[in-house]
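Here's the letter readout for the chains.
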2 protein chains.
Amino acid sequence: MNPLDNIRVVLVGTLYTGNVGSACRAMANMGLHNLVLAAPNLQNDWEEGERLAVHATDILKNRRETATFEEAVADCVAVVGTTARSGLYRQHVRTPRESADEILALAAEGPVAIVFGREDKGLTNEEIAQCTHLVRIPVDEGYTSINLSQAVLITAYELFTAKGDYQMPHEKAPPAPQAQKMQLMKNWAEMLETIGFMESVQREHFMQGFHRVFSRGVFTKDDAALMLGVARQAIWAKNHG
Amino acid sequence: MNPLDNIRVVLVGTLYTGNVGSACRAMANMGLHNLVLAAPNLQNDWEEGERLAVHATDILKNRRETATFEEAVADCVAVVGTTARSGLYRQHVRTPRESADEILALAAEGPVAIVFGREDKGLTNEEIAQCTHLVRIPVDEGYTSINLSQAVLITAYELFTAKGDYQMPHEKAPPAPQAQKMQLMKNWAEMLETIGFMESVQREHFMQGFHRVFSRGVFTKDDAALMLGVARQAIWAKNHG
């Protein structure tokens, strides 16, 4: 069971369709599919919203709209409110990253709402009071106002990365085994002397430098084969010069 | 010295001013201020860009524009390319989170460019070849195309959180000391018997339940004082009923 399928993004009192469209795209990027607009207060038509959703229009089309916030979250096992404001009733906030594992665990039990407020006013105290968890996105104190769809993105991103499914591409070539690296060093040194880059007496000094160059991070079999090819070709070129 | 001041966001061949404006806002949210447009290829005027920058117009106004990618990064000590595409020359990618500490360390040494490509085509192989590091944002395989400004946001967010400066608000009330909690439990039990909620013989059974309720996460002095007030008032109400 994929807990992300139980994550419901709830946008309360949204003003601009463009933000909804961008939020759909962000959700698609991060494996979320359930969108609810609670008491939307849209000031413009859906042309901008559809344009900014790009290929995530299925999320947009499949959205639910409810007249109230309560209806949007009534069946949820947890209601995670997002807030930028401080205040007496918003002190018990955590970061999205700190909350992510718990939210995913709850999502295995039933629908979990992640709630975002109005572009200009956020969530009201009454809506905050209905939240079981509060999160605040870390942001520079010089500019704390985050665009709605960007807040959706960051929260979704933390859930997606906490789930830990994505596969980063592996390099196809494995790391070069020690013997191959030492063979390369030997051939490299021979090449450097042959082309006159260095004299025998300087060998250890310069080879220390090349050991260092070839030790920056992972050095793969392909890397070693490439450098070996250079050494061979340089020797050939000198002998046929 | 703040390493974020040495982070330079470089947008290559950008098509839409709206993306630049949104990127400025994302940068401001995450404490970055240096923007360079390398060989911009803008298809619309700055009206949308300025509108989407909202209050981050200073970053927009202070941007540099260069004719080529090379000029934008010439003085950098590291050039971090972002890529969504796979391919033979893009295998050695890491996530932004994995790279963040190293990028910040390099930024203490000099300017570090974080490079984003064209909305439709990303970065070319030639540009990738000039990068000292490559990052790829984790994304659902069903929808790998991330909006440019959202890619800027996530990368900036990982740098900002890696720097670890932001202060989450602390609850003003400290956790309730053990003695206060036990006093509350005693008063609570007394209240429950007084109002007829339970009989003495059931006391231990029900009190286990309330111990559990008051043990969900941190229970502060304010929380304890609140519940104590309820207990006192309920007893008063019964006695004056």
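These remarks concern the structure in this document. Fair warning: this is a prediction, and the values are worked out from it, not measured in the lab. (Residues numbered from 1 in each chain as written. Chains lettered and ligands numbered in written order. Predicted model: local features only at pLDDT ≥ 70, side-chain atom pairs only at ≥ 80, totals over all residues. Heavy atoms only, no water.)

### Brief notes about the interface of chain B and chain A
Contacts between chain B and chain A engage 43 residues on the former and 43 residues on the latter. With both chains or domains summed, chain B and chain A bury close to 3,700 Å², and 56% of this area falls on carbon and sulfur atoms. Linking chain B with chain A are 2 salt bridges, by the criterion used here. Between chain B and chain A we count 14 residue pairs in polar contact (both at pLDDT 80 or more) in total. At the level of elements, helix H1 (17-29), helix H2 (46-53) and helix H7 (148-163) of chain B are the ones that each hand at least two residues to the side of chain B that touches chain A. The element that contributes the greatest number of residues to the side of chain B that touches chain A is H7 of chain B, accounting for 8 residues. Considering only residue class, the side of chain B that touches chain A consists of 19 nonpolar, 14 polar and 10 charged. (Contact = heavy atoms within 4.5 Å. Buried area = accessible area lost by both parts, 1.4 Å probe. Salt bridge = Lys/Arg side-chain N within 4 Å of Asp/Glu carboxyl O. Polar contact = N/O pair within 3.5 Å; in protein donor to acceptor, adjacent residues only side chain to side chain. Helix = DSSP H or I, 4+ residues; strand = E, 2+ residues; numbered from the N terminus. Nonpolar A, V, L, I, M, F, W, Y, C, P; charged D, E, K, R; others polar.)

### Section: the sheet that holds strand E6 (residues 133-135) of chain B
Strands in a sheet are paired, the pairing made by backbone hydrogen bonds, and the direction either parallel or antiparallel. Residue and element names in this part refer to chain B. Reading across from one edge, E3-E2-E1-E5-E4-E6 is the order of the 6 strands in this open sheet, with parallel pairing throughout. Lying at the two open borders of the sheet, with one neighbouring strand each, are strand E3 (64-66) and E6. Between one strand axis and the next, the sheet turns through 25° on average, direction left out of account. With 3 bridges joining them, strand E4 (residues 78-82) and E6 adopt parallel strand pairing. Residue pairing for E6: Val80 is matched across the bridge by His133. (Pairing = 2+ DSSP bridges. Axes fitted to C-alpha atoms, helices over the stretch in contact; angles between N-to-C directions.)

### What about the packing of helix H8 (residues 178-194) of chain A against helix H9 (residues 203-213) of chain A?
Residues and elements named next belong to chain A. At a minimum axis separation of 11 Å, H8 and H9 run at an interaxial angle of 130°. It follows that H8 is oblique to H9 by the angle criterion. Considering only the axes of H8 and H9, their crossing is right-handed. Between H8 and H9, the contacting residues are Met182, Met185, Lys186, Trp188, Ala189, Leu192 and Glu193 on the first element and Arg203, Met207, Phe210 and His211 on the second. (Parallel < 35°, antiparallel > 145°, perpendicular 65-115°, else oblique. Left-handed = near helix turned anticlockwise from the far one by under 90°.)

### Things to note about the relation of the copies chain B and chain A
Between chain B and chain A, the superposition needs a rotation of 180° and an axial shift of 0.0 Å, giving an RMSD of 0.1 Å. This pairing of chains is accounted for by a two-fold axis. Counting the interface residues of chain B, we find that 100% of their copies in chain A are interface residues as well, pointing to one common contact surface. (Least-squares fit on C-alpha atoms with pLDDT ≥ 70 in both.)

### Observations regarding H8 of chain A
Residue and element names in this part refer to chain A. Between its first and last C-alpha atoms H8 spans 24 Å; for 17 residues at 1.5 Å apiece the expected length is 24 Å, and the two agree. Every buried residue belonging to H8 is among Lys181, Leu184, Met185, Asn187, Trp188, Ala189, Met191 and Leu192, and all of these are buried. Those residues of H8 that are buried are in contact with H9 and helix H10 (221-239). Count one or two residues on from H8 and you reach Gly196, which has phi positive near 85°. (Expected span 1.5 Å × (residues − 1). Buried < 20%, exposed > 50% of the residue type's maximum accessible area, 1.4 Å probe, protein only.)

### Things to note about the sheet that holds strand E1 (residues 7-12) of chain A
Residue and element names in this part refer to chain A. One open sheet holds the 6 strands; their spatial order is E3-E2-E1-E5-E4-E6, and the pairing between them is parallel. The open sheet terminates on both sides in strands that have one partner only, identified here as strand E3 (64-66) and strand E6 (133-135). On average, each strand axis in the sheet is inclined to that of its neighbour by 25°, with strand direction left out of account. Summarising the sheet, E1 and strand E2 (residues 34-38) pair through 5 bridges and their orientation is parallel. Looking across to E2, one finds that Val10 is bridged to Val36. Contacting E1, strand E4 (78-82) and strand E5 (112-116), helix H7 (residues 148-163) crosses the sheet at an angle of about 150° to E5.

### Looking at unusual backbone geometry
Across the chain, the bulk of peptide bonds are trans and the bulk of non-glycine residues have phi less than zero. Here the phi dihedral of Ala39 of chain A falls at roughly 45°; this positive angle occurs in a residue that is not glycine. Relative to the elements of secondary structure, Ala39 of chain A occurs in the loop between E2 and helix H2 (46-53). Its relative accessible area of 32% is what places Ala39 of chain A among the partly exposed residues. Not every positive phi belongs to a glycine, and Val54 of chain B is a case in point at roughly 55°. One can find Val54 of chain B in the loop between H2 and helix H3 (57-61).

### Comments concerning the pattern of salt bridges
As enumerated under the stated definition, the model contains 16 salt bridges over all chains in all. In this structure, Arg51 of chain A engages Glu47 of chain A in a salt bridge whose closest nitrogen and oxygen atoms are separated by 3.6 Å. Residue Arg51 of chain A and its partner Glu47 of chain A are located together in helix H2, separated by 4 residues, close to a single helical turn. For Arg51 of chain A, a relative accessible area of 42% gives the class partly exposed. A relative accessible area of 48% places Glu47 of chain A in the partly exposed class. The partner of Arg203 of chain A in a salt bridge is Glu193 of chain A, and the shortest N-O contact between them spans 3.0 Å. On the criterion of sequence distance, the pair formed by Arg203 of chain A in helix H9 and Glu193 of chain A in helix H8 is long-range, its members being 10 residues apart. For Arg203 of chain A, a relative accessible area of 32% puts it in the partly exposed group. Connected through salt bridges with shared partners, the residues Arg97 and Glu158 of chain A together with Arg97 and Glu158 of chain B form a single ionic network.

Taken by themselves, the reported measurements are silent on function.
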